[in-house]
Amino acid sequence: MNALVPLPVLLPLFATGLSLAAGIRLKRFQRFISVAVLTAVVVISVVLMIAADDGPLSVHLGDFAPPLGITLVADRLSGLMLTVSSLVTLCVLVYSLGQGMADKDDETPLAVFHPAYLILVAGIACTFLAGDLMNLFVGFEIMLVSSFVLLTLGGTGPRIRAGSTYVIISLLSSMIFLVAIAITYAATGTVNFAQLAERFDDLSLGVTTLIQAMLLTVFGIKAAVFPVAAWLPDSYPTAPAPVTAVFAGLLTKVGVYCMLRTETLLFPGNRLGNLLLVVALASMIIGILGAVAQTDLKRLLSFTLISHIGYMVFGIGLADRAGIGGAIVYVVHHITVQTTLFLVAGLIERRGGTTELTRLGGLARSAPLLSLLFFVPAMNIAGIPPFSGFIGKLALMRAGVDNGSVLAWVLVGGSTLTSLLTLYVVVKVWNLAFWRSEPPGQAAEGTVMESQEDDADDADDDAPDEGGPAVTPQDGQGIPVRPGGGQVVATSITGKAVTTTKRPPRTMLAATAATVVLGLSYTVLAGPLAAYTDRAAQELLTRTPYIEEVLRP
């Protein structure tokens, strides 16, 4: 069974080579390779999750023992994260295939999408399975390279700017990470997690705290917690819908996973627990207040993402079995639900011509299926019973009450307020985009939504185009807008102009519906999921099974 551990990393990398070789000439083969490999990764991840319930699995690549060799470890936490992430990435891939085929994107950028996406999946798996700090860093860099390609697909101006911001922030965190790794190796002579768990006890408190603070800073940037989250609302919304969905759903949770792993395995004792609780509270409140102020759906969802990361940090800051277990439940829930909401935002943009809520309306009557696909995850993320969002929040609040400290009680109150404001935010979206009457001038079926590059070429021509209404410049910005349609955006994967449709492509609807069903399955399977995460939390806090598995002869 241990031989399966490297496959979630190796299979996507192998498929990347095949996908690059196929290129644009063999589009169907390229799509088949991507879907087949991610399906295989789903199966392997489920097998690893079940097998890890009996104890961690490990493999030393090249049969080199620590600290020389590359160690990959699958325990309950990494097995669960692999399973959820592989299911979500498969659904997003199917969604992107539907979008690409519907937009007839047969150009080179779409051919690059599949290799970049597969590399991203490999980087995520490498991060979840890494048994040492150096290969955790390698996983981060793999994700960074592929992320920049995916963020800038099509080469539009907004995507290049957003990608540049993302890369600069990521490179800064990578530099801090490398310095932390260097200090760790200089102090202990290893970067292997199991060996570090034993050797950190012999270090001075100052050195250990310095390393812990640096790692938390790196993972906090990746997770987008306050005050290092300002980059996220400006980076994610400009990307294509499937890219934004997988970034928002998964990449921020990679940072949360790393916090869970290092805080329990390397730094037991919760020395910085109060700091984490303060950060969690600030992330919740400031994030959700930012969401309340937004009128663009994608930016609104980006701020709710920052806010709800605070729930997970809340559980990590409590650092007990109930808190860690609740945090794991909420991570699983949020990966799926946040991804679903961004996929729905892409469908709304395709149907209504914009994600600006003030220029949307009437979707409940004109697109009832789309309305249902939004309503279910919206109630889920708001924490309405009996959805998994309610289960995760209740577990975290009970853990806070059981903790009994003043700060924990403040977090319970902050969690309640954040949940109520989240409900207000999603109700606002429902009222504006779905429930009220359709505003005059809303993009109708067949309206051509041009890219900003297309608009720049036509900015001097105020006459109506053959494919849609006239384009007029937006005040003060020189960026064209259509009457009642908001800022013209590039919604296709490659940045080409697309046409709004009354009925979204079935493949995109099916993929979105699959993520909705996956989110609902956590409610149906709440008992087994809670039991599994409780065992995972116990294993993380015990540490012994992980250390013994990695260091056994």
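Residues take numbers from 1 onward in each chain, read along the sequence in its written order. The model is predicted, so local features are restricted to residues of pLDDT at least 70 and side-chain atom pairs to those at 80 or more, both for listing and for counting; the totals for chains, interfaces and linings are taken over all residues. Think of the side-chain values as coming from all heavy atoms in the structure, minus any hydrogens and water.

Q: What exactly am I supposed to notice about the overall build of the protein here?
A: Where helices and strands are cited, they refer to DSSP runs of H or I of at least four residues and of E of at least two residues respectively, numbered from the N terminus. When you go through the protein residue by residue, the secondary structure sums to 21 helices and 7 strands. When each of the 553 residues of the protein is scored for burial, the buried share is 60%. Considering only intrachain contacts with a sequence separation of at least 6, the fraction spanning at least 24 residues in the protein is 80%. Looking at the protein as shown, the accessible area adds up to about 20000 Å², and 66% of this sits on carbon and sulfur atoms. Between buried and exposed lies partly exposed: a residue is buried under 20% and exposed over 50% of the maximum accessible area for its type, with that area taken using a 1.4 Å probe on protein chains only. Every residue pair with non-hydrogen atoms within 4.5 Å of one another is taken to be in contact. Values of accessible area rely on a 1.4 Å probe in the Shrake-Rupley scheme; residue burial ignores everything except the protein chains shown.

Q: Explanation requested: the pairing of strand S2 (residues 70-74) in the structure shown.
A: Remark: a regular strand shows side chains that alternate across the two faces of the sheet. Across the 5 residues of S2, 4 count as buried, placing the element largely inside the fold. Two strands pair under a simple rule: DSSP has to find at least two bridges between them. Pairing of strand S1 (residues 57-61) with S2, which is carried by 5 bridges, proceeds in the antiparallel orientation. Opposite Ser58, over in S2, you have Val73 as the bridge partner.

Q: Is there a simple way to think about the packing of aromatic side chains in this case?
A: Any two of the Phe, Tyr and Trp rings considered here, Trp counted by its six-membered ring, make a pair once their centres fall within 6.5 Å; the pair's planes then place it as stacked at under 30 degrees, edge-to-face at over 60, or tilted in between. Following the criterion strictly, the structure yields 14 aromatic pairs and no others. Ring geometry for Phe140 against Phe219: centres 6.1 Å apart, planes inclined by 75°, an arrangement best described as edge-to-face. Here Phe140 is found in helix H5 (residues 133-151), whereas its partner Phe219 is found in helix H8 (residues 205-223), with 79 residues between them in sequence. An identical accessibility class is assigned to Phe140 and Phe219; each is buried. Joined through ring pairs, the aromatic side chains of Phe374, Phe375, Trp430, Phe434 and Trp435 make up one cluster. Counting as a charge over the ring demands two things of the Lys NZ or Arg CZ atom: a distance within 6 Å of the ring centre and an angle within 35 degrees of the ring normal. Above the face of the Phe140 ring, Lys222 is positioned so that its terminal group lies 5.2 Å from the ring centre.

Q: How should helix H20 (residues 526-542) be read in this particular structure?
A: In an α-helix, one turn spans 3.6 residues, which is why side chains three or four residues apart end up on the same side. For H20, built from 17 residues, the straight-helix expectation of 24 Å at 1.5 Å per residue is met to within 8% by its first-to-last C-alpha distance of 24 Å. Along H20, the residues that are buried comprise Leu529, Tyr532, Thr533, Ala536, Ala537, Glu539 and Leu540. The arc enclosing the buried residues of H20, seen along the axis, measures out at 160°, which places them on a common side. The positive-phi residue at the C-terminal boundary of H20 is Arg543, with phi of around 70°. In this scheme, a helix's expected span is set at 1.5 Å multiplied by one less than its residue total. In this context, the arc is that of the directions from the helix axis out to the C-beta atoms.

Q: Help me understand the pattern of salt bridges in this model?
A: Pairing of side chains with opposite charge becomes possible as their charged atoms draw close. For this analysis, a salt bridge means a side-chain nitrogen from Lys or Arg found within 4 Å of a carboxyl oxygen belonging to Asp or Glu. Summed over all chains, the structure comprises 8 salt bridges. Where Arg552 meets Glu549, a salt bridge forms, and the shortest distance between an N and an O atom there is 3.2 Å. One network of salt bridges, with partners in common, ties together Asp53, Arg76, Arg535 and Glu539.

Q: How do you make sense of the side chain of Thr264 when you look at a structure like this?
A: The topology assignment puts Thr264 in helix H10 (residues 241-265). Setting aside residues up to four positions removed in sequence, Thr264 forms contacts with Ile324, Leu540, Leu541 and Arg543.

Q: What should I look at first to understand a nonpolar patch on the surface in this one?
A: Patch criteria: residues need more than 30% relative accessible area and no salt bridge. Like-charged residues are merged within 9 Å; nonpolar side chains of Val, Leu, Ile, Met, Phe, Trp and Tyr are merged within 5 Å. A surface patch of nonpolar side chains, about 510 Å² in accessible area, is lined by Phe14, Leu18, Leu26, Phe29 and Phe32. The set of elements that each furnish at least two residues to the nonpolar patch consists of helix H1 (7-22) and helix H2 (27-52). Along the chain, Leu18 turns up in helix H1.

Q: Sorry if this is basic, but what is going on with the packing of helix H11 (residues 273-292) against helix H17 (residues 406-435) here?
A: It is at 9 Å that the axes of H11 and H17 come closest, and there the two elements cross at 20°. In terms of orientation, H11 and H17 fall into the roughly parallel class. Read as a crossing pair, H11 and H17 show a hand that is left-handed. Taking contact as the criterion, the partners of Asn274, Leu277, Val278, Ala280, Leu281, Met284, Ile285, Ile288, Leu289, Ala291 and Val292 in H11 are, on H17, Leu407, Val410, Leu411, Gly414, Ser415, Leu417, Thr418, Leu421, Thr422, Tyr424, Val425 and Lys428. Here the nonpolar group is Ala, Val, Leu, Ile, Met, Phe, Trp, Tyr, Cys and Pro; Asp, Glu, Lys and Arg are the charged ones; every other residue, Gly included, is treated as polar. Its residues assigned to classes, the contact of H11 with H17 comprises 17 nonpolar, 5 polar and 1 charged. Throughout, an axis means a line fitted to C-alpha atoms (over the contacting stretch in the case of helices), and angles, computed between N-to-C directions, take values from 0 to 180 degrees. Just so you know how the angles are binned, under 35 degrees is roughly parallel, over 145 roughly antiparallel, 65 to 115 roughly perpendicular, and the rest oblique. Crossing handedness follows the turn of the near helix against the far one: under a right angle anticlockwise gives a left-handed crossing, and clockwise gives a right-handed one.

Q: Explanation requested: the packing of H10 against helix H13 (residues 321-352) in the structure shown.
A: When two helices pack together, their arrangement is given by the angle between the helix axes and the distance between those axes. Running from N to C, H10 and H13 point in directions that differ by 170°, and their axes come no closer than 7 Å. Taken as axis vectors, H10 and H13 run roughly antiparallel relative to one another. Contacts between H10 and H13 involve Ala241, Pro242, Thr244, Ala245, Ala248, Gly249, Leu250, Lys253, Val256, Leu260 and Thr264 from the former and Ile324, Ile328, Val331, His334, Ile335, Gln338, Thr339, Phe342, Leu343 and Gly346 from the latter.

Q: Explain the environment of Leu300 here, please?
A: Structurally, the position occupied by Leu300 is in helix H12 (residues 297-318). For the pair Leu300 and Leu289, spaced 11 residues apart in sequence, the C-alpha separation works out to 9.9 Å. If we skip the residues at most four places from it in the chain, Leu300 touches Ala291, Gln294, Leu357, Val425, Lys428 and Val429.

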